[in-house]
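Inside the fold
So you can see what is in the structure, the chains are spelled out below.
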Amino acid sequence: MTRAVCPGSFDPLTRGHLDIVARAARLFDEVVLAVGVNASKRRLFSDAERLEMAAEATADLPGVRVEGFSGLLTDFCTAVGAVAVVKGLRSAGDYEYELPMAQMNDHLSGLETVFVASRPAFTHVSSSLVKEVAGLGGDVEPFLTPAVHARLLARIAERRAEG
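Residues numbered from 1 in each chain as written. Predicted model: local features only at pLDDT ≥ 70, side-chain atom pairs only at ≥ 80, totals over all residues. Heavy atoms only, no water.

An unreviewed UniProt entry annotates the chain as Pantetheine-phosphate adenylyltransferase originating from Nocardioides zeae.

**Some thoughts on the overall build of the chain**
Test applied: Per the convention used, a helix needs a DSSP run of H or I reaching at least four residues, while a strand needs a run of E reaching at least two, with both numbered from the N terminus. The globule rule used here is 2.2 Å times the number of residues to the 0.38 power, and the radius of gyration it is set against is calculated over C-alpha atoms. Each residue gets one of three labels from its accessible area relative to the maximum for its type: buried under 20%, exposed over 50%, partly exposed in between, using a 1.4 Å probe on protein chains only.
Counting secondary structure elements, the chain contains six helices and five strands. Element order for the chain, N to C, with α for helix and β for strand: β-α-β-α-β-α-β-α-β-α-α. Compactness check: the chain gives a C-alpha radius of gyration of 16 Å against a globular reference of 15 Å for 163 residues, within 12% of the reference. Projecting the C-alpha coordinates of the chain onto the three principal axes gives extents of approximately 50 × 35 × 30 Å. When the 163 residues of the chain are sorted by exposure, 41% land in the buried category.

**Observations regarding the packing of helix H2 (residues 47-58) against helix H6 (residues 146-162)**
Put simply, the rule reads: Axes, fitted as lines to C-alpha atoms, cover a helix only where it is in contact. Angles between the N-to-C directions of the axes lie from 0 to 180 degrees. By the definition adopted for this analysis, an angle is roughly parallel if under 35 degrees, roughly antiparallel if over 145, roughly perpendicular if from 65 to 115, and oblique otherwise. The contact criterion used is simple: two residues touch if any of their non-hydrogen atoms lie within 4.5 Å. Side-chain classes are defined by residue name, with Ala, Val, Leu, Ile, Met, Phe, Trp, Tyr, Cys and Pro counting as nonpolar, Asp, Glu, Lys and Arg as charged, and the others, Gly among them, as polar.
Relative to each other, H2 and H6 sit at 155°, their axes nearing to 10 Å. One way to sum up the angle between H2 and H6 is to call them roughly antiparallel. Contacts between H2 and H6 involve Glu49, Glu52, Met53 and Glu56 from the first element and Ala147, Val148, Arg151 and Arg155 from the second. Class assignment of the residues belonging to the contact of H2 with H6 gives a composition of three nonpolar, no polar and five charged.

**Comments concerning the sheet that holds strand E2 (residues 30-36)**
Quick note on the threshold: The rule for pairing is simple: two strands pair if DSSP sees at least two bridges between them.
Spatially, E3-E2-E1-E4-E5 is the arrangement adopted by the five strands of the open sheet, whose pairing is parallel. Whereas interior strands pair on both sides, the edge strands pair on one side only; in this sheet they are strand E3 (64-69) and strand E5 (112-117). Averaged over all neighbouring strand pairs, the angle between strand axes comes to 30°, with direction disregarded. Sheet topology note: the strand E1 (residues 3-8)/E2 ladder contains six bridges and is parallel. Bridge pairing links glycine 8 to valine 35 in E2.

What follows is the structure, encoded as structure tokens:
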């Protein structure tokens, strides 16, 4: 069985992320959506919330499971028996950012990295941009699952209420 890992913070998980995971699931027998958990990092959603949203969003994708991880990605991949990391690329800038990490992962453990080009409908979508636009009242519904969208709007409302 070939297993790959799709790592990220997924704060929040977007339809662009889901597209990459679904396409990876056609290439590998199993894909582990690896949600980075790190108590020292400030995120909009907690580790538990991000894991729950990822599990809900991928429930209908055969061969996909969700796990949290911390520490070196190569250590996590070894622990789950993954042969590759799958990363989505939206632009040349993503490639320039991801290539040194892929090379370091290869150096550390021989782990392969598979780059999957984002579909044109998602090349402008990032979790950071979605949060920023939603926080300013813009419509980001097309880029999120209904459940993630509802949680994002609720979290933004909570933050506004807190002042």
